[in-house]
Amino acid sequence: MTWDVLLHWMTHLGEGSWEGFKDAVARLAPQDEELDDLAVGLRVHLSDMGHAEFFVGGSRRWRVLPPVLAGLAARPGAAVLCGGRTPQSRSALAAAAEAAGSLVWSEDAADGPTTVRVQGEPAALARVASAVGVRFVSDYAAALFRQLMPVYELLERAPEESAPTNWSLRSFDFETMSLVDGPRPNSACECSPRRGLPRWYVHTRRGKLRPMAKREAIYTAAMLQRVTLLRYDVESRRLSAPVKVPPPELYSRAACLCAGRRGRVEGGLIVFEEVPSGMAAVLCVAVGQPHPCVAHSVLQASKTGDHRGQPV
Amino acid sequence: MRSFLQALRKKLTDVMRRLRALALRFAGRPQVVEEKRSPSENALAAPTAPAQPAANAEIELAGVQPTGPAVSSATDDASAQRYAPEGGAAIPLEAEKSPSAGVQPATDIAPGVAVIERERAGTEDEAPPAEQSPPREIGSDASAEPVPAPGGRPVQTQSSMDVGLDSRARERIAQEACAEPAPVLQSDAVESPPGEVEWAASPESQPTPEAAERQLPAQRASEEGVTSPPCEEPGVDAGTVPSPVAGADGEATAAAEIEPQTKPVAPGPAELSSADALEAEEAAASDAVPVAQAAEMPTHPVEQLSAATTEPPPSEHEAAAPGPPETPSATALEVTQTPAENAGPELAAGHEGVSAVVPAPPAPTPEAELVPPAAASTPAEPEAPIESPSAPPAEVVELEQREWPEARPAAGDASARDAARAARRRAQDRPRPSRPSPESYEQPFVDPGLRPPSDEYALWNEAVVQHFVLADASENEEIYLAITPRVLAGALAEVGGGILAPDDAQVNFADAVSKMYHTRVLPHSRKLQVLRRCGRDGLPECAAFLALSVLAAYRMHTDEGMAANAYYKRLDELLHCGLSGGLPRGFDQDEFEGLWLFLRAWLDREHGRQMAMPGPDVGLRRYVAFPLTHVPLRQVDIERLPDFFDWAGYEAGQRVPLERIDADLSKWARVRGAFTNAGMDALADERRRAVLAQIAHELECWDGSHTDTQGRRTAPVEVFLHWERRIPLLAYLPRRPAAFPTVFDDGVHVFDAGLDGWYEPLPIGVEDGPELVSGFSWEAAPNGIRIVLRRAGASAIAMAPSEFAGPISHNGLLLGALGAALCRDALVLPAQKYLESVMGKRCAPVQPPNMPAGWALFTGVNPVRRLPPPDGLEALEIVTNLEIIPQGGLRLGRRWAWLAEAPPKLLVAGFGPGESAAIDGERVEVDDGGVIRDEGRLTRPGVHVVEVGRVLRRLEVVDPEIAVADFPGAATADVGRRHVAALPCGSWTVIGSHPGDAAHSVSRSWGQGALAYCPFDPVWALSYGYGRGAVVLCLVEQPPPPDRLPRIPAARLLRSMRAWAEPIYNANIRRPAFGSPWGSVYRPDTRAVWADYVRTAREIKRKLRAQRR
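How each quantity is defined
Residues numbered from 1 in each chain as written. Chains lettered and ligands numbered in written order. Predicted model: local features only at pLDDT ≥ 70, side-chain atom pairs only at ≥ 80, totals over all residues. Heavy atoms only, no water. Helix = DSSP H or I, 4+ residues; strand = E, 2+ residues; numbered from the N terminus. Contact = heavy atoms within 4.5 Å. Areas by Shrake-Rupley, 256 points an atom, 1.4 Å probe, with all protein chains shown as cover. pLDDT = per-residue confidence, 0-100. Buried area = accessible area lost by both parts, 1.4 Å probe. Salt bridge = Lys/Arg side-chain N within 4 Å of Asp/Glu carboxyl O. Polar contact = N/O pair within 3.5 Å; in protein donor to acceptor, adjacent residues only side chain to side chain. Axes fitted to C-alpha atoms, helices over the stretch in contact; angles between N-to-C directions. Parallel < 35°, antiparallel > 145°, perpendicular 65-115°, else oblique. Left-handed = near helix turned anticlockwise from the far one by under 90°. Nonpolar A, V, L, I, M, F, W, Y, C, P; charged D, E, K, R; others polar. Patch = residues over 30% accessible without salt bridge, like charges linked within 9 Å, V, L, I, M, F, W, Y side chains within 5 Å. Buried < 20%, exposed > 50% of the residue type's maximum accessible area, 1.4 Å probe, protein only. Pairing = 2+ DSSP bridges. Phe/Tyr/Trp six-rings, centres within 6.5 Å; stacked < 30°, edge-to-face > 60°. Lys NZ or Arg CZ within 6 Å of the ring centre and 35° of its normal.

Comments concerning the overall build of chain A
Step number 1: When its secondary structure is counted, chain A shows 11 helices and 19 strands.
Step number 2: Across chain A, every contact between residues at least 6 apart in sequence was considered, and the portion connecting residues at least 24 apart equals 59%.
Step number 3: With an accessible surface of roughly 12,500 Å², chain A has 49% of that area assigned to carbon and sulfur atoms.

Some remarks on the overall build of chain B
Step number 1: What chain B contains, in helices and strands, is 40 helices and 35 strands.
Step number 2: Contacts in chain B between residues far apart in sequence, at least 24 positions, make up 74% of those at least 6 positions apart.
Step number 3: Surface exposure of chain B reaches about 41,700 Å², of which carbon and sulfur atoms provide 52%.

A few points about the confidence of the model for chain A
Step number 1: Across chain A, the average pLDDT comes to 88, with 94% of residues at or above 70.
Step number 2: Across residues 304-312 of chain A, where pLDDT falls below 50, the model places 27 contacts with residues more than four positions away in sequence or in other chains.

Some words on the interface of chain B and chain A
Step number 1: Each partner contributes to the interface: chain B provides 84 residues, whereas chain A provides 79 residues.
Step number 2: Summed over both sides, the interface of chain B with chain A buries roughly 6,900 Å², with 56% coming from carbon and sulfur.
Step number 3: The interface formed by chain B and chain A contains 3 salt bridges.
Step number 4: Between Arg 199 of chain A and Asp 745 of chain B there is a salt bridge; the shortest N-O distance is 2.9 Å.
Step number 5: On the surface where chain B and chain A come into contact, there are 19 residue pairs in polar contact (both at pLDDT 80 or more).

What to know about the packing of helix 26 (residues 485-494) of chain B against helix 36 (residues 688-701) of chain B
A pair of packed helices is captured by two measures, namely the crossing angle of their axes and the spacing between those axes.
Residues and elements named next belong to chain B.
Step number 1: Interaxial distance between helix 26 and helix 36 falls to 8 Å at its minimum, and their mutual angle equals 55 degrees. The angle between helix 26 and helix 36 falls in the class oblique. Helix 26 and helix 36 meet at a crossing whose hand is left-handed. Residues Arg 486, Val 487, Gly 490 and Glu 494 of helix 26 touch helix 36, and the partners they reach there are His 697, Glu 698, Glu 700 and Cys 701.
Step number 2: Looking at side-chain class alone, the contact of helix 26 with helix 36 contains 2 nonpolar, 2 polar and 4 charged residues.

With respect to a nonpolar patch on the surface
Residues and elements named next belong to chain B.
Step number 1: A contiguous nonpolar patch, built from Phe 4, Leu 5, Leu 8 and Leu 12 and spanning about 380 Å² of accessible area, is present on the exposed surface.
Step number 2: Position of Leu 8 among the secondary structure elements: in helix 1 (residues 2-26).
Step number 3: For Leu 8, a relative accessible area of 37% translates into the label partly exposed.

As for the pairing of strand 23 (residues 905-909) of chain B
All names here are of chain B.
Step number 1: Burial of strand 23 is extensive: 4 of the 5 residues sit out of reach of the surface.
Step number 2: Of the strand pairs in this sheet, strand 21 (residues 883-887) and strand 23 are connected by 5 bridges, and their pairing is antiparallel. Note that in strand 23 the partner of Pro 886 across the bridge is Leu 906.

Observations concerning the side chain of Arg 891 of chain B
Step number 1: Positionally, Arg 891 of chain B belongs in the loop between strand 21 and strand 22 (897-899).
Step number 2: On the basis of relative accessible area, Arg 891 of chain B is assigned to the buried category, the value being 13%.
Step number 3: Among the polar contacts listed, one links the side chain of Arg 891 of chain B to the side chain of Glu 803 of chain B, at a separation of 2.7 Å.
Step number 4: Excluding its chain neighbours within four sequence positions, the residues that come into contact with Arg 891 of chain B are Trp 9 and Leu 13 of chain A together with Glu 803, Trp 896, Ala 897 and Trp 898 of chain B.

Examining the packing of aromatic side chains
Step number 1: Scanning the entire structure with this criterion turns up 34 aromatic pairs over all chains.
Step number 2: Judged by centre distance (6.0 Å) and plane angle (15 degrees), the ring pair of Trp 596 of chain B and Phe 626 of chain B falls under stacked. With Trp 596 of chain B in helix 30 (residues 589-607) and Phe 626 of chain B in helix 31 (residues 625-629), this residue pair connects regions lying 30 residues apart in the sequence.
Step number 3: Assessed through its relative accessible area of 7%, Phe 626 of chain B is described here as buried.
Step number 4: An angle of 50 degrees between the planes, with centres 5.1 Å apart, marks the rings of Phe 644 of chain B and Trp 668 of chain B as tilted. Of the two residues, Phe 644 of chain B is situated in helix 33 (residues 641-648) and Trp 668 of chain B in helix 34 (residues 658-671); the sequence distance between them amounts to 24 residues. Summarising the burial analysis for this pair, Phe 644 of chain B and Trp 668 of chain B share the class buried.
Step number 5: Residue placement shows Arg 43 of chain A over the ring face of Trp 18 of chain A; its charged tip is 6.0 Å from the ring centre.
Step number 6: A cation over a ring is seen here: Arg 736 of chain B above Tyr 759 of chain B, with NZ or CZ 6.0 Å from the ring centre.

Structure, rendered in structure tokens:
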């Protein structure tokens, strides 16, 4: 319930600064809590569940997403309430769902606001959303996928810059999954001033850096180094990523909203459940990872005619 | 020989006179044309009144009669005192005492001397109201007579005539004036009331002592205008209230003030008193752009005529304040010293007054004030009935202007003068409608069809009302609308309108009010009356408009285009509606006053508060006095306040009692002397309270920044203490004024905007000890603007509880509030001893990790008594301010508003044993920690008033609302991207089931795959090259068969199908490998479906081939 209040506060404001968010978390948090970790955890939860997005446009600001009744790709007839909400909108949703013959229930979460789920026929869900005054998107994850900007496009668009003078520079090492001093080719770099906030870059050429957000920079570096971070199991429909390098926010949100559940940490990996294979493929390709289902080598062999007429 | 010499001398004199007139005219100076005077005229003339160039005329006047002071002495008085007894052959004083209105006493100029003054074009504003003060001629018996227009319409004043004529015409007039006595219209052939000569000579006609006393301010101002050097800060003292404006303004106002003021209860077309006219005159007279002004005016009387015919009947004011189209008719030109020349250089520079016509005032009668302006105006002919001023004047004016030279009667037409005098007496005997009572303006305007103002205006209106009108203050304090750009920005932020830089807030505010004025006030027949009502939010709709009028007063200072006291010009600058007769178009001064009365009544009725209003000694600027009352300090002084705040150690947004501001201001003024003379004057007189209120408003909205001597914008860096896992951590917390960038980057320090008005905290490390001792200054220059974040060096830092999670640096330890203290290691012992003394218990320093080297931290400092701090620890002085500090809860922006689910805890600092606290009027307890026990009151949504001692704060608790409904453009973002498919590296053609659905995708060099965006459901992805081999990927688990072709497809359809058919055909002939993105799932029926696609593709190709043949 505590973090519902946080979401209500964010919904009322619409947008704010990261510092303001941390301050609000500090006001609501129990004593002796590690505030930074708590704020980061809440940020991930709110972002993954489609309530808000953080660091909008490279800034250190957040904004609440518009309220949406998000249909789940993995579970037809099921939806979760995403975006901003208030106690009034929640009660209105419950009343409308009851009137439409749909089922509404809440799932408490320790590390974030309650998840409000609605179950019913798609037409009924649309009626519920209309009664509450929110949008209903039958396949919200697919809608998010359509908005993805592939990292290779981000890399192309990012301007080349020289490294800031007198700033310390560390590179992300995929073997140790940590930052190491000094620049490395085709790596994600963190440049830090003596006092203040670091900036993230992708080091593409000697001395030339392209500014990007942290997660995007790491996955871009993985693309350049041909390091596979995302893995998808077709049978279990589970998409996983190392816990130290979670996918960029929008990708993570899209993966979560396939089933309306947050990624689960399991053996050093973040595991997103019930991700359809097509969506997993889009996610992997967009984030610079290889296609999870079709091996490139097989395709090459097919093109040379070695597998003519045969299934790939 | 003698006769020859005399003749030669005469000719030379004549030539010289003409040359001088021409030279003066071409030099842009008033030109002087002397006329021969008859002996009788000489006898009537003032003892010494030689014809002088205009620049000297007033000076000579001063020797002949009391000019400004004496003239204005009769200004405010009752009509019995205003006018000399008729039997005494005195003319109404208003005629003489209003040089700015074009009135020139006969004593100014010798009778028979017509003086033509080329004035700046804008000075037709200064012509007297034609209806009230018909022009009269000087220099002959008839010269003192009004020049009525046939049909009772006022004739065009010379000022407008002068403007309307081209230079050649003016020259002709001047020559005619030289050649013969000033021509007089036939209708002017009325007996002149005893002219200025008689007035000057007659002791009865002199102002009474009482009247003179009443006019002392005007007199003083006038004297200053004549004798004093230009004011260093003319913008400040020119419009201060209640002192009248200096010099000519006072004189001019005096003339206008005695005009009868008639106003219907629900005024229709504006009928303005001469006081109004005078204010308009001042506005116009101070306009220092004569050429531009002239360019706006019709250049020919016919143009004026057309203007008069097409426009509604001019209001009284419009007639009075001299826009050429509104003031038809002219009679004679005369020399007059313009008031601007007396008012100081800033006025005189651009103020070539066109006071070409001496308007005849109403006959001197005690009831003159009650006579309506229409009746007061002299009828055109003695026999003619007195007509309403609303009578169409066009034809009359045209006739007059065309026949002007010939129509003038002989100068000594006694019968006409008698008739005119009689007619005037009749007119003045007629009862004048009384001015509506103030109570009538307190009633709201009712128009069911009137639409509410725009949201933008409503927001600003709410901001003004909430910040000023409903401001937290004790009930016995008067409320000032102390509008400045900084206060506007603060007021907007308080109502959640966003954070704007002060200049942006000013522009935004002016735009909102201007739009409202154009869309709501101007189109409505009742003009300003539409604002005299309360909106749906229960707030008076006029508040923002009146605030704008105050902002216009705030902006009054001498600049390139305007004099300091040009109020209405400033108002027009903000309203962007253009001037009409010296006033903003559609602006009615009485209604303007009515809005102030309405707001005052609403405030008194609804909230029991008093609005500051001009005092009874407002003097000459009756209407302008309303906004001027609320800005005793002008822009030039307001801009110096941050220096004062910095000097006094105030904090941004702090609420300081007026008494403390008063004491500090006195010290600062003595030490720095930083206010202008006008500002110091305001401090020294009865406006001091208003000054303090204005400064308090400024301080409350001050963001902590100011511009230093190098032109850099500076903001302070605070020290912030917070705890993480019970470990105290120190951080710098730089303030971020609105104009500062989102990201501060000086190459070494990089931080982003944090909470509203702040940057993100920057942890203080061990190495920062010396920096805290010596102070620092971080300078950045984003976009060429130099900004500085700085902190002064210190040996001790007091920290007081704040709205943040921990205490923040403060100008002292707050009595009764839990704070902290930092001090250098060398001062630990005396600090510990001192803190233990003021706390009454033990207090030991702590040394957490990351503590800046050389510093010690005392936490949990809660002073309970006040003692003088030891040397070096002055910063730890105990401050006894009573403050309400909100802690916790979820605050909604910068407003004092919290979420209902997370209300704040209110901490009271400086709470004494004899004081009490109340919420919404109900007494509440304050516990030992200084926390108010609200008993759940603050969880209830609504506005709560918290009162602790003399401190009163308004706190709002709100239920959350959804701030964002949808992102703009969200619906269009997916256009063309209905589906996205992921493909391996390579070049791919994506095919849908409908012939014609085809899209291409190529993987980039850096990627490990390709994304295909297509507006159709993709079924197949085909990849092939020039060589052998191809890949066909089935993108769906169960591919649909291709859509059937139309029997006879159109040619254009076939062409679009080619892009679909050829890839299928080309892939198929290469014996492709089949696959699926879903792994190795492959079904035999997929091949069958693919075969259908191939057949369809072949069919299309056949048809294309056939069509080609």
